[in-house]
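Geometric and topological summary
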Protein chains: 2
Amino acid sequence: MRSGVAVSNLPDRDPPGLPLPLTGRTSLFAILGDPIDQVGSPTLINTAFRRRGWPAVLVPLHVKAPDLAVALKGLRSMANLRGVMLTAPHKTRGLGFVDSIGPEARLVRSINAIHCGKDGRWHGENFDGLGCLQGLRTAGHEVEQKRVLVIGTGGAGRAVAAAVARAKPAELCLYDVDQERAGAVRQDLSAAFPDVSVTVGPPDPETFEIMINCTPVGMAGSCGSPVDPSRLAPGTLVVDLVIEPELTYLLQAAAARGCIVQPGLFTLAGQVDALCAFFDGGDNV
Amino acid sequence: MRSGVAVSNLPDRDPPGLPLPLTGRTSLFAILGDPIDQVGSPTLINTAFRRRGWPAVLVPLHVKAPDLAVALKGLRSMANLRGVMLTAPHKTRGLGFVDSIGPEARLVRSINAIHCGKDGRWHGENFDGLGCLQGLRTAGHEVEQKRVLVIGTGGAGRAVAAAVARAKPAELCLYDVDQERAGAVRQDLSAAFPDVSVTVGPPDPETFEIMINCTPVGMAGSCGSPVDPSRLAPGTLVVDLVIEPELTYLLQAAAARGCIVQPGLFTLAGQVDALCAFFDGGDNV
């Protein structure tokens, strides 16, 4: 499978021997999600912190959807907290808990990162789209002039779709089991990028050069594929945002059919530098 | 100074090269305090976790006294949190936020550790007294049949005084700027240990063989000494619970006068094994 090569080329893959000394002066970062076991951020982000020499650590926090408000309120009371990352199911609701948001978050209506200023102000932004495209670039792929199918228009899907639209694809097609949600994202993106053809269509990858799964389907514990794998044409670039398993059922089936596959860790690795710059912004770390 | 030897003999002093890999599956422990910069737990406890091979990390959380309730409520919502440590000023108020407490916590009316069960129940206990006496034993000292002066009867002071009383000293004298508080602790300990002479007296170390500072006086940022150093007799064992600086003004003055000195890290190191057993109790880590 080609994915073996791709994965071993991942930038910043964890060098497990690096020490992570923790003291009372260590700045805190946290990633909130449910489930949390599968998140790749602790490994990749802590490696990035260590390489930068930052006295900082990112820890996983298992927080269920109904607990988001109380968890974030608690985190607000921790004066050495410098940043928060949000993963499913918190990316959209997270918008309501910050003092300001960046332009990408405004466009895609979700955040995956919060800069916790020393002045107490929380600023949210979304780096998933940037990360996905940077991950593609790392592996030598561009979306410009390509026909792209994005499956799922939740927090991550909207972010990826916006980044794809900005990169001038030949066509951007959105699919979501919630057709209304897909339609709303289409409207937003058509307004923001009037020169790009944004459509809503069925989850049929056959006529697309790039297909990106932004749903949790395939995540450890669930199974199945977000599209019918028999509709995947050889040579299609199949991208999955799911982190664990590294090779989802979708990616395994795609690789077996001669597709090029990209695991979810690329989208995370592709945003690490931008995340660190964001967390470092102004007064932090 | 003798303290140099003592400090280098500290058990479990951080070997900075040990890796601490963090993943989404890492269990979380936190220590809450204000200030937080000086706490030694992240270094010592994480070293202990690593030596035990536990997939766990302890992080410092800077939480001010008025924020304790909201911080703990937030932590309750984090399903992978397995334990909490409390340091000043939270040890006494922390009692009100757990579902049950152990016998030592009941006696000394404060907690420094919470076991967060997977069933959602929080159980508090206090290991400061055990840690202080274990720290003394590590350096070859016993309090049995000794005249002991404990300065400060807040959360840590009460815990240390109770452990001293249990160890059958010739005399246990308590001092606190808040005389009423010292008197209440004296009553509690006299009731619990009727065979021990527990008194309340002035902060005059001259006639005592062991003096233990359980106040924050001398902590980095503050200065001064909780007792008049010129009243320290050569040969007195002077113990400080302050972690940072390692050699407080009190310990420096005491060493200069020919006293034996013990820095605060001993009290912490002396409770690490008990803390790990407590955190590991039943379902955890």
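Notes on the structure in this doc start here. In this numbering scheme, every chain counts its residues from 1 along its sequence in written order. All chains are assigned letters beginning with A, and all ligands numbers beginning with 1, in the order in which they are written. For this predicted model, a pLDDT threshold of at least 70 governs which residues receive local features, and a threshold of 80 or more governs which side-chain atom pairs are given and counted, while totals over whole chains, interfaces and linings are taken from all residues.

1. Observations concerning the sheet that holds strand E9 (residues 198-200) of chain A
All names here are of chain A.
- Strands qualify as paired when DSSP identifies two bridges or more between them. Strands here are runs of E lasting at least two residues and helices are runs of H or I lasting at least four, both read from the DSSP assignment and numbered beginning at the N terminus. Spatial strand order, E9-E8-E7-E10-E11-E12: 6 strands in an open sheet with parallel pairing. Since the sheet does not close on itself, it has two edges, and those belong to E9 and strand E12 (260-262), each with one partner. Strand after strand, the sheet turns through a mean of 20° between neighbouring axes, direction not considered.
- Bridge count between strand E7 (residues 147-151) and strand E10 (residues 210-213): 4 bridges; the pairing is parallel. Bridge pairing in E10 places Val 150 opposite Ile 212. Angles shown run from 0 to 180 degrees and are taken between the N-to-C directions of axes, each axis being a line fitted to C-alpha atoms and, for helices, limited to the stretch in contact.

2. Examining the sheet that holds strand E7 (residues 147-151) of chain B
All names here are of chain B.
- Strand order in the open sheet made by the 6 strands is E9-E8-E7-E10-E11-E12, with parallel pairing throughout. Both edges of this open sheet fall to strand E9 (198-200) and strand E12 (260-262), since each of them pairs with a single strand only. With direction set aside, neighbouring strand axes in the sheet form an average angle of 20°.
- Two strands pair when backbone bridges link them, and strand E8 (residues 171-175) and E9 are joined in this way by 3 bridges, in the parallel orientation. What sits directly across from Leu 172, in E9, is Val 198.
- Lying over the sheet, helix H7 (residues 179-192) contacts E8 and E9, oriented at roughly 170° with respect to E9. Note on contacts: each residue gets a C-beta atom placed from the backbone, and two residues are in contact if those atoms are within 7 Å.

3. Comments concerning the pairing of strand E5 (residues 113-116) of chain B
Residue and element names in this part refer to chain B.
- Side chains Ala 113 and His 115 of E5 all project onto a buried face; the interleaved residues Ile 114 and Cys 116 project onto the opposite face, where all are buried too.
- Relative to E5, strand E3 (residues 81-86) runs antiparallel, the two being bridged by 3 bridges. Opposite Gly 83, over in E5, you have His 115 as the bridge partner.
- As paired strands, E5 and strand E6 (residues 122-125) are joined by 4 bridges and run antiparallel to one another. Directly across from Cys 116, in E6, lies its bridge partner Trp 122. Residues with at least 20 neighbouring C-beta atoms inside 10 Å of their own are called buried, those with 12 or fewer are called exposed, and the rest are partly exposed, where every C-beta is derived from the backbone.

4. Some points on the packing of helix H2 (residues 41-52) of chain A against helix H10 (residues 272-280) of chain A
Residue and element names in this part refer to chain A.
- Interhelical geometry of H2 versus H10 gives an angle of 60° and a closest axis separation of 10 Å. Here H2 and H10 pass one another in a crossing that is right-handed. Along its contact with H2, which presents Leu 44, Ile 45, Ala 48 and Arg 52, the element H10 presents Val 272, Leu 275 and Cys 276. Each helix crossing is assigned a hand: it is left-handed if the near helix lies turned anticlockwise from the far helix by less than a right angle, otherwise right-handed if that turn is clockwise.

5. Examining the relation of the copies chain A and chain B
- When the copies are overlaid, the least-squares fit takes in C-alpha atoms only where the residue has pLDDT of at least 70 in both copies. Taken as rigid bodies, chain A and chain B are interconverted by a rotation of 180° and an axial shift of 0.0 Å, the fit giving an RMSD of 0.0 Å. Taken together, the rotation and translation describe the operation of a two-fold axis.
- Here 97% of the interface residues in chain A have copies in chain B that are interface residues too; the copies meet face to matching face.

6. Section: unusual backbone geometry
- The linkage connecting Asp 34 of chain B with the following residue, Pro 35 of chain B, adopts the cis geometry, with an omega of 0°.
- With omega at 5°, the peptide bond leading from Glu 244 of chain B into Pro 245 of chain B counts as cis.
- Position of Pro 245 of chain B among the secondary structure elements: in the loop between strand E11 (237-240) and helix H8 (249-256).
- The backbone phi angle of Lys 168 of chain A is positive, close to 60°, even though this residue is not glycine.
- Residue placement: Lys 168 of chain A occurs in the loop between helix H6 (155-166) and strand E8 (171-175).

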